[in-house]
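Chain by chain, the residues:
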Amino acid sequence: GENVEQHPSTLSVQEGDSAVIKCTYSDSASNYFPWYKQELGKRPQLIIDIRSNVGEKKDQRIAVTLNKTAKHFSLHITETQPEDSAVYFCAASPYGQNFVFGPGTRLSVLP
Amino acid sequence: SQTIHQWPATLVQPVGSPLSLECTVEGTSNPNLYWYRQAAGRGLQLLFYSVGIGQISSEVPQNLSASRPQDRQFILSSKKLLLSDSGFYLCAWSVTGNNSPLHFGNGTRLTVT
């Protein structure tokens, strides 16, 4: 089955700096890769996603890149703000089924 | 628009007692349905997923079971809870046959004492 690894497990950045979180997956059948943000005690919420026919996608301060050959994808957050502090999860899915999540990255944005 | 309802929000149950968590989705038909568990400070563990009524796939062998009696209803059950069943249980749905994201319910925080 699919296995998703995620690094780093914790990340601290100064406000205004960039943050990068990296994930790798094992199953070449996976073709959909969403990213979720989870605030303390809340449900995970989708922040951006990418499909395997696209190499990069951007939405304001957030961007995701995908390297299908190497089976890795990354989340980039620019101009970080204190409200970006949360746990971020990557996930991999074949055709929108059976989503497997990475273990999460706790991002702290220091003022 | 689609909405997902999950209840109860919190639950405290003694060891050995039964469990029933319910989830319903509105505004879509034939969704894929999922149950995830999240231990404190940990990641999301897929427990069950369903692509249709009566079709349940189990990802982790345990004392939990799931049922889908109706198209948009997903139930997580246990006959006898263990201390290790404590956690944050999340129901989620996605559109069938399409690369679309998971949408999570608000979750149930279960404490087994």
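A few points on the structure. Only a predicted model underlies this, so the values are computations on that prediction, with no experimental measurement involved.

### Points about the overall build of chain A
Okay, step 1: Broken down by element type, chain A carries zero helices and eleven strands.
Okay, step 2: Put simply, chain A runs from its N terminus to its C terminus through helices and strands in the order β-β-β-β-β-β-β-β-β-β-β.
Okay, step 3: When the backbone C-alpha atoms are referred to their principal axes, chain A occupies close to 40 × 30 × 20 Å.
Okay, step 4: Residues classed as buried in chain A amount to 44% of the 111 residues present.
Okay, step 5: For chain A, the share of sequence-separated contacts (at least 6 apart) that also reach a separation of at least 24 residues comes to 53%.
Okay, step 6: Counting every atom, chain A has about 5500 Å² of accessible surface; 47% of that belongs to carbon and sulfur.
Okay, step 7: Averaging the coordinates of the 11 positive side-chain charges in chain A and doing the same for the 12 negative ones gives two points 4 Å apart.

### Points about unusual backbone geometry
Okay, step 1: The step from His7(A) to Pro8(A) runs through a cis peptide bond, and the omega angle for that step is -5°.
Okay, step 2: Turning to its location among the elements, Pro8(A) is positioned in the loop between β1 (4–7) and β2 (10–14).
Okay, step 3: In the segment running from Trp7(B) into Pro8(B), the intervening peptide bond is cis, with an omega of 0°.
Okay, step 4: For Pro8(B), the location among the structural elements is in the loop between β1 (3–7) and β2 (10–13).
Okay, step 5: A positive phi angle is found at Lys71(A), which is not glycine, with a value near 55°.

### Points about the interface of chain A and chain B
Okay, step 1: In this assembly, 19 residues from chain A lie in contact with 24 residues from chain B.
Okay, step 2: Approximately 1700 Å² of surface area, both sides summed, lies buried where chain A meets chain B, with 51% of it carried by carbon and sulfur atoms.
Okay, step 3: Summed over the shared surface of chain A and chain B, the number is zero salt bridges.
Okay, step 4: For the pair chain A and chain B, the number of links is five residue pairs in polar contact (both at pLDDT 80 or more).
Okay, step 5: Those elements giving two or more residues to the side of chain A that touches chain B turn out to be β4 (32–38) and β5 (45–51) of chain A.

### Thoughts on the pattern of salt bridges
Residues and elements named next belong to chain A.
Okay, step 1: Scanning all chains against the criterion turns up six salt bridges over all chains.
Okay, step 2: Of the charged contacts, one joins Asp49 and Lys57 as a salt bridge, the two residues approaching to 2.8 Å between their closest N and O atoms.
Okay, step 3: Its relative accessible area of 32% is what places Lys57 among the partly exposed residues.
Okay, step 4: Residues Arg61 and Asp84 are paired through a salt bridge, measuring 2.9 Å at the closest nitrogen-oxygen approach. Here Asp84 lies in the loop between β8 (72–77) and β9 (86–92) and Arg61 lies in the loop between β6 (56–59) and β7 (62–67), a separation of 23 residues in the sequence.
Okay, step 5: For Arg61, a relative accessible area of 23% gives the class partly exposed.
Okay, step 6: Classification of Asp84 as buried rests on a relative accessible area of 7%.
Okay, step 7: Three or more residues are tied together by salt bridges with common partners; here these are Asp49, Arg51 and Lys57.

### Remarks on the packing of aromatic side chains
Okay, step 1: A complete count under the given rule lists 15 aromatic pairs over all chains for this structure.
Okay, step 2: With 5.5 Å between their ring centres and 85° between their planes, Tyr36(A) and Phe104(B) make a pair best called edge-to-face. Remark: Phe104(B) occurs in strand β10 (residues 103–104) and Tyr36(A) occurs in strand β4; the pair is interchain, linking two chains. Taken as a pair, Tyr36(A) and Phe104(B) share a single burial class, namely buried.
Okay, step 3: Taking 6.5 Å as the distance between ring centres and 85° as the angle between the ring planes, the aromatic pair formed by Phe89(A) and Phe101(A) counts as edge-to-face. Separated by twelve residues along the polypeptide, Phe89(A) in strand β9 and Phe101(A) in strand β10 (residues 100–101) bring together distant segments of the chain. Judged on exposure class, the residue Phe89(A) and its partner Phe101(A) are both buried.
Okay, step 4: Three or more aromatic residues joined by ring pairs make a cluster, and in this case those are Tyr32(A), Tyr36(A), Phe89(A), Phe99(A), Phe101(A), Tyr34(B), Tyr36(B), Tyr49(B) and Phe104(B).
Okay, step 5: When the ring centre of Phe88(B) is taken as reference, the NZ or CZ atom of Arg109(B) above it lies at 4.4 Å.

What counts, and where the lines are drawn
- Residues numbered from 1 in each chain as written.
- Chains lettered and ligands numbered in written order.
- Predicted model: local features only at pLDDT ≥ 70, side-chain atom pairs only at ≥ 80, totals over all residues.
- Heavy atoms only, no water.
- Helix = DSSP H or I, 4+ residues; strand = E, 2+ residues; numbered from the N terminus.
- Buried < 20%, exposed > 50% of the residue type's maximum accessible area, 1.4 Å probe, protein only.
- Contact = heavy atoms within 4.5 Å.
- Areas by Shrake-Rupley, 256 points an atom, 1.4 Å probe, with all protein chains shown as cover.
- Lys, Arg positive; Asp, Glu negative; His and termini not counted.
- Charge placed at Lys NZ, Arg CZ, Asp CG, Glu CD.
- Buried area = accessible area lost by both parts, 1.4 Å probe.
- Salt bridge = Lys/Arg side-chain N within 4 Å of Asp/Glu carboxyl O.
- Polar contact = N/O pair within 3.5 Å; in protein donor to acceptor, adjacent residues only side chain to side chain.
- Phe/Tyr/Trp six-rings, centres within 6.5 Å; stacked < 30°, edge-to-face > 60°.
- Lys NZ or Arg CZ within 6 Å of the ring centre and 35° of its normal.

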